[in-house]
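Observations on chain architecture
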Amino acid sequence: MAESKLEKFKYGLLKLIDVSGFKVFDPVVRLVFGEEPRKQAGEVLKFLVTPVVFVLLCLGLWTVIAPRHKTKSGEVPTPVEVWDAGMIANTLNERENEKETDFALSGSQREAEITLVQQLLAEKKKQSEQLKAEAEKVAAAATEETAAAIAPVQKQYDELKAANKGAKTTRSGEIKKLAEAVAAGSATAEKLLQAIRDDNLASDEARDAEKELKDHMDEIRSNPPKAVKKTQLAYDAAANEVQHLSKRLDYLQKGNRSQKVSQAEQKTLAAMSKLESATTSSAILSAAKSVVQGEEKAARTAEQSYPRTATIWFQVRRSLFTVFVGFVMAAVIAIPVGIMCGLNKVVMACLTPIISIFKPVSPVVWLLIFQIVVGAFFPDPESHPLFVFFGSLPWIGELGVNPALVFSACTVAMCAVWPALVNTALGVSSIDKDHMNVARVLKLGLWSRLFKIIIPSSLPLVFAGLRISLGVGWMVLIAAEALSSSDGLGKYVWDEYQNGSSHSFANIIFACFVVGIIGFFLDRIMIVLQRSVSFDDGAAVV
C-alpha cells in the first residue's frame, strides 16, 4: 500500500514536470525514487550538471572580461555588481512600501512607529558618522599612496619634457643656421628639407614619449585602492539609510494623511466657531465659505493616496498588465478570424494578402500609427470615461492607465495577432474530415459543430499560436514602452540609459535578466495550458 502511494506520488511529479515543460528534472525525480540509478545519474550529468557548469563558466568569463572593457559609462558591470544593482532596486521598493505605510498610519500605531524610527535614525546617524570618518581616513591614505606612486613618474615626465624642450631648441637653431647657409649658397635646399623632416619626426617621438608617461599617471589616478571604493560605498549606504529614515519621520509627523485630515478638521472647527460668533453678513459669509472649504479639503485629504515613486517592481506590474491587455486583444481578434479562415477557403484567400503584407511590419511603425490614430479618440485623457473607469478600479487604478499604455497595448496586439491567427486557421483546416462528415450525418448545426468539434479539435494548435503570440508581445512591449514613454520596463531601461552612469549600466543588465525571467515563466504558463488541451503524450516543446 505504501509502495502504491509512493508510485502515485512519483508519477504525479513526473506528470507535473511533463506538463510544465521542465523535462530536464525528470531523471532527477526518477533517481531520487531509485529507478535505474546508473542510467538516471548519466542523464542528470549530461542534461543538468553540464548546463549548470556551462552557465557558471560563462559567469566566470563575464567576471574576468567585464572590468577590462571600458565604455563611456565606465567599466562593464560584473555579475556581482548586477546582483547588487538588483538588491538596491529591491531595497528602494521596500523603502517605498515603508513610506506608503507611514503615510496611512494613524493613532497609537503612528506614535509607536515614530518612536521606533527616531531610535533607528539616531543609531544610523552615529554609524554614518563613523563610516564617514573611516572613509575620509582611507581616502587620505590612498591619496598619499597615489602621490607616492605618481612622484617618480612625474619626475621622469618633467625631466623628459625639459630634455625634449632643450632638444627642440637646439634643432630649431640648427635649422635656422641651415636656412642661412642655403641663402648664402653654401648648403642645398634638400638638406634643409631633410632637417625639417627629421625635426618633425623627433618632435612626434618626444610627444609620444611624454603622452605615454602622462597616460601612466592618469591610470594610477583612476585606479585608487579597492578599500577606498569599499569604505565609500559603506558610507553611502549608511547615508542613504539616514536619508530614508529622515523621510519616513517626515511622513509620520508632517506628511501623514491622518495628521493632515486632523489639521483640516481643526481649521474647519475654528471656522465654525467664527461662523457662530459672527454678527455681520460679510463675516458670516466669509466664515461659511471657510467652513465649506475646510470640509472639502478634509474630504479630499482623506481620499489621498501616497505619491509612490515608480520602482522597478511597479514597472514590472505595469508591463505585465499592458502585455495582458494587448494579448487579450490579439486573442479576441485572432481566434474568431482564424476559425473563419480555416473553415472557408474564400475568407482565407481574402485575408492571406493582408496577413502577408502586415505581418512583417516593425512594431515601431505600428506604435507611431496608433499614437496618431488611437490618440485622436482621447483629446482630453483626464476626463475620458475609459480612463476615469480604470482609474477607479482598486488594483488597476494604481498602475495609471493612460493613452501611452493604450498605444503600447495596441502595438502588442497588432504584432501578436498574426501567429495566433495563422495557427488557429491551420488548426481548424487540419481537423479530420471524418469528424466533419459525422457532424453532417448527425445534422449538427453550425454552433454545435463549432463548440463540439471544431474548437476542441483545433485547441492544441490554437494554444501553440497563443504561446508564440505572448512571446512576441512581451518582446515587442519593451521597445513600445521605451518609445512611447509609457511606464513599464521599457521606460525603466530607457531612463537608465539616458542617465549614463556605470550604476545605470548595471541596472540595465539587471532589467535584461528580469525581462528574460518573466518571459520564461510566461512561456511556461502557456506550455501548461497548451499541454492541458493536447491529445498526445508527447513532451512539451522547450
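Residues numbered from 1 in each chain as written. Predicted model: local features only at pLDDT ≥ 70, side-chain atom pairs only at ≥ 80, totals over all residues. Heavy atoms only, no water.

1. Here's the deal with the confidence of the model for the chain
Chain-level pLDDT for the chain is 87 on average; 97% of the residues reach the 70-or-more range. Ranking the elements of the chain by mean pLDDT puts strand 2 (residues 74-75) last, at 75, and helix 10 (residues 312-343) first, at 94. For residues 538-542, every residue scores under 50 in pLDDT, and the model assigns this stretch 13 contacts once sequence neighbours within four places are set aside. (pLDDT = per-residue confidence, 0-100. Helix = DSSP H or I, 4+ residues; strand = E, 2+ residues; numbered from the N terminus. Contact = heavy atoms within 4.5 Å.)

2. With respect to the packing of aromatic side chains
In the structure shown here, the tally under the stated rule is 15 aromatic pairs. Between Trp 62 and Phe 513 the ring centres are 6.1 Å apart and the planes differ by 15°, which places this aromatic pair in the stacked class. Note that Trp 62 is positioned in helix 3 (residues 37-65) and Phe 513 in helix 18 (residues 502-532), a separation of 451 residues in sequence. Residue classification places Phe 513 among the partly exposed positions, given a relative accessible area of 41%. Through successive ring pairs, a cluster of aromatic residues spans Phe 22, Phe 25, Phe 520 and Phe 521. (Phe/Tyr/Trp six-rings, centres within 6.5 Å; stacked < 30°, edge-to-face > 60°. Buried < 20%, exposed > 50% of the residue type's maximum accessible area, 1.4 Å probe, protein only.)

3. Considerations on the environment of Val 515
Within the element layout of this structure, Val 515 appears in helix 18. Those residues in contact with Val 515, other than ones at most four positions away along the chain, are Trp 474, Ile 478 and Leu 489.

4. A closer look at the domain arrangement of the chain
On domain assignment, one finds that the chain holds domain 1 (2-68), domain 2 (107-238), domain 3 (258-297) and domain 4 (312-533). Once you take the C-alpha centre of each, domain 1 and domain 4 turn out to be 33 Å apart. Counting residues at the interface gives six residues for domain 1 and seven residues for domain 4. Taken over both partners, the interface formed by domain 1 and domain 4 buries close to 560 Å², and the fraction arising from carbon and sulfur atoms is 66%. Counting the surface domain 1 buries against domain 4, the share from its top three residues, Val 19, Phe 22 and Trp 62, is 63%. Taken together, the connections running from domain 1 to domain 4 amount to one salt bridge. In this structure, Asp 18 and Arg 531 form a salt bridge, with 2.6 Å as the shortest nitrogen-oxygen distance. Counting across the interface, domain 1 meets domain 4 through one residue pair in polar contact (both at pLDDT 80 or more). The leading source of residues in the side of domain 1 that touches domain 4 is helix 1 (residues 2-20), at three residues. Grouping the constituent residues of the side of domain 1 that touches domain 4 by class yields three nonpolar, two polar and one charged. (Domains from an automatic or database assignment. Buried area = accessible area lost by both parts, 1.4 Å probe. Salt bridge = Lys/Arg side-chain N within 4 Å of Asp/Glu carboxyl O. Polar contact = N/O pair within 3.5 Å; in protein donor to acceptor, adjacent residues only side chain to side chain. Nonpolar A, V, L, I, M, F, W, Y, C, P; charged D, E, K, R; others polar.)

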